[in-house]
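Each chain is listed here by its residues.
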Amino acid sequence: MSVSSPSRVIRIGSRKSQLALVQTHWVQGQLQQHFPDCQFDVVTMSTQGDNILDVALAKIGDKGLFTKELELSMLRQETDLAVHSLKDLPTNLPEGLTLGAVTERADPADALVVHADFKSYQIETLPPGSVIGTSSLRRLAQLRYHYPHLEFKDIRGNLNTRLQKLDAGEYDGIILAVAGLQRLGFGDRIHQVIPAEISLHAVGQGALGIECREGDQEILALIHALEHPLTAHRCHAERSFLHALEGGCQVPIGVNSQIDGQQLTLTGMVASIDGQRLLKDQVTGPEDQAVALGQALAEKLRQQGAQEILDEIFAEVRPTNL
Ligand code: DPM
């Protein structure tokens, strides 16, 4: 491993949102602990995703909505690494950049958060017509499939804004990632962790991805200290599955992954937005074959009609040109 000179300042790029900063400061703290002789500075910036709050996420398109500005700054040598929620990092990275490390995953599940009047219900007992807020097509499609009697309404904004809208009565319940709620200290708002049988999580959900310049051995060696191999195998399989289906982050594609011994089991699903069709299948194989397993699962689902579903969605949810 290369040893950094004591005076070296490493610049970490981050979005300005509260969640992004909590995550980046965690990475900064970990790096500082491992490498006390280096100085780690955080450089914040806004991304397109932060600036467009009034348009449904699915309509904006997905190509690096939350990552592009951070990536440009690394390519310009203005920063050395960037911390992302892995699920927001596209599977196609710009030339010259790489996913250098994947950190230990928090609970990747989705959670139901309810309005005070709905505390006596679970997702499976909510009365017909209950209004659920989400702007994730993945959550929408799976919940529609299982609970066609519920109503769904788009919701945007940061976590605080969403919780305020819920508490103000605009929604009876909202769906959010367990990991994000916990990281921001809202763990007590988790009313129900939604079982994987009902909602498969997004690719990479709950893990952080650290991106850096390809071939920057010094930075790669530093961030390698934060890599969690088990999480990395699982996420490489999940990302390979998404990549093979050519899905961006805003498509109804969900996954689950487990490692038992050295055997990785990857479950994946593709659904239509109306929740009428839902395809789900599974593959198991050696964890060091993560990428091949993701590809094999994509092929299996494609043979069952996944491509038709995705083509319909791409035709329907045409990304707005920004
Ligand atoms: C992506 C999605 C969402 C985020 C789509 C999905 C949720 C959008 C929404 C790709 N990124 O999950 O199907 O509900 O409107 C995001 C969150 C986190 C990272 C918040 C959340 C925190 C959890 C984590 C937004 N990105 O999903 O509630 O680190 O995995």
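All figures in this text were calculated on a predicted structure; none of them were measured in a lab.

Asker: Just give me the short version of the overall build of the protein, but keep the residues and values in it.
Answerer: Along the backbone of the protein there are 11 helices and 13 strands. For the protein, the spread of C-alpha atoms along the three principal axes comes to 65 × 45 × 40 Å. Split into buried and exposed, the 322 residues of the protein put 54% on the buried side. A fraction of 70% describes how many contacts in the protein between residues 6 or more apart in sequence connect residues 24 or more apart. In the structure as shown, the protein presents an accessible area of about 14100 Å², 49% of it carried by carbon and sulfur atoms. Side-chain charges of the protein comprise 28 positive and 40 negative groups, with the mean position of each set lying 4 Å from the other.

Asker: An account of the domain arrangement of the protein is needed here, citing residue identities and associated values.
Answerer: As assigned here, the protein comprises domain 1 (1–103 + 206–227), domain 2 (110–193) and domain 3 (229–322). For domain 2 and domain 3, the distance between their C-alpha centres works out to 24 Å. Carbon and sulfur atoms supply 68% of the area that domain 2 and domain 3 bury against each other, a total of about 870 Å² over both sides. Our enumeration of links across domain 2 and domain 3 arrives at zero salt bridges. The interface formed by domain 2 and domain 3 includes one residue pair in polar contact (both at pLDDT 80 or more). For the side of domain 2 that touches domain 3, a count of residues per class yields four nonpolar, three polar and two charged.

Asker: With reference to specific residues and values, describe the side chain of Ser73.
Answerer: Its location among the elements puts Ser73 in helix α4 (residues 68–75). A distance of 2.5 Å separates a polar atom in the side chain of Ser73 from a polar atom in the side chain of Thr79. For Ser73, the residues in contact, after removing those within four places along its chain, are Met45, Glu78 and Thr79.

Asker: Could you give an account of the site of the ligand, naming the residues involved and the relevant values?
Answerer: Taken together, 20 residues lie around the ligand, and Lys87, Asp88, Ser135, Ser136 and Gly206 are the ones closest in. Ser135 is positioned with one of its side-chain polar atoms (N or O) 2.3 Å from an oxygen atom of the ligand. A distance of 2.9 Å separates an oxygen atom of the ligand from a polar side-chain atom of Arg138. Compared with its free state, where it exposes 630 Å², the ligand has 93% of that area covered by protein.

Asker: Give me the lowdown on the sheet that holds strand β6 (residues 131–133), citing residues and values where you can.
Answerer: Ordered in space as β7-β6-β8-β5-β9, the five strands form an open sheet in which the pairing is mixed. The open sheet is flanked by β7 (151–153) and β9 (192–193), the only strands paired with a single partner. When β6 meets strand β8 (residues 173–177), the two strands line up parallel, connected through two bridges. By the bridge assignment, Ile132 is partnered in β8 with Gly173. Against the sheet, helix α5 (residues 137–146) touches β5 (110–114), β7 and β8, its axis set at about 125° to β8. Sheet contacts for helix α6 (residues 159–167): β5 and β8; angle to β8, the most-contacted strand, approximately 160°.

Conventions we followed
Residues numbered from 1 in each chain as written. Predicted model: local features only at pLDDT ≥ 70, side-chain atom pairs only at ≥ 80, totals over all residues. Heavy atoms only, no water. Helix = DSSP H or I, 4+ residues; strand = E, 2+ residues; numbered from the N terminus. Buried < 20%, exposed > 50% of the residue type's maximum accessible area, 1.4 Å probe, protein only. Contact = heavy atoms within 4.5 Å. Areas by Shrake-Rupley, 256 points an atom, 1.4 Å probe, with all protein chains shown as cover. Lys, Arg positive; Asp, Glu negative; His and termini not counted. Charge placed at Lys NZ, Arg CZ, Asp CG, Glu CD. Domains from an automatic or database assignment. Buried area = accessible area lost by both parts, 1.4 Å probe. Salt bridge = Lys/Arg side-chain N within 4 Å of Asp/Glu carboxyl O. Polar contact = N/O pair within 3.5 Å; in protein donor to acceptor, adjacent residues only side chain to side chain. Nonpolar A, V, L, I, M, F, W, Y, C, P; charged D, E, K, R; others polar. Near = heavy atom within 4 Å. Pairing = 2+ DSSP bridges. Axes fitted to C-alpha atoms, helices over the stretch in contact; angles between N-to-C directions.

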